[in-house]
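For reference, the chains in residue letters:
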Amino acid sequence: MGRLKVIWTNRAKEQLKTIYNHYKTITPQGAKNVKDDILKTAKELVFAKQYQQDEIEPEFRRIIVRHYKLIY
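Residues numbered from 1 in each chain as written. Predicted model: local features only at pLDDT ≥ 70, side-chain atom pairs only at ≥ 80, totals over all residues. Heavy atoms only, no water.

### Thoughts on the layout of surface pockets
If you add up the space inside the largest pocket, you get close to 660 Å³. Along its surface, the largest pocket is lined by 20 residues, and W8, A12, Q15, L70 and I71 are the ones closest to its centre. Breaking the lining of the largest pocket down by element, the ones donating at least two residues are α1 (10–24), α2 (28–43) and β3 (68–71). With 5 residues, the single largest contributor to the lining of the largest pocket is α1. When the residues that make up the lining of the largest pocket are grouped by side-chain class, the tally is 16 nonpolar, 2 polar and 2 charged. (1 Å grid on protein atoms, 1.4 Å probe; cavity = no way out; pocket = protein on both sides within 12 Å on 5 of 7 lines; lining within 4 Å. Points joined across faces, edges and corners; volume = space filled by probe spheres on them. Helix = DSSP H or I, 4+ residues; strand = E, 2+ residues; numbered from the N terminus. Nonpolar A, V, L, I, M, F, W, Y, C, P; charged D, E, K, R; others polar.)

### Some words on the sheet that holds strand β1 (residues 52–53)
Reading across from one edge, β1-β2-β3 is the order of the 3 strands in this open sheet, with antiparallel pairing throughout. Each end of this open sheet is capped by a strand with a single partner; those strands are β1 and β3. Here 2 bridges tie β1 to strand β2 (residues 61–65), and the two strands are oriented antiparallel to one another. Residue pairing in the sheet places Q52 in a bridge with R62 of β2. (Pairing = 2+ DSSP bridges.)

All we've got here are geometric facts, nothing functional implied.
Quick look at the structure:
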């Protein structure tokens, strides 16, 4: 079974950039670590119902990475 292809919306890309820039002001390595963790988790999706249903938007699934919620 192959991995699912994740297509990032423009909004999601901007939000990831905002998260990265926030951490970059504190520590560049920390910013890279957070960004890498988020991207790695998204790449590890194998099947559509792999994670929990989101409680706010039940038609979507969610993954929690550090303090951030990835919706797919």
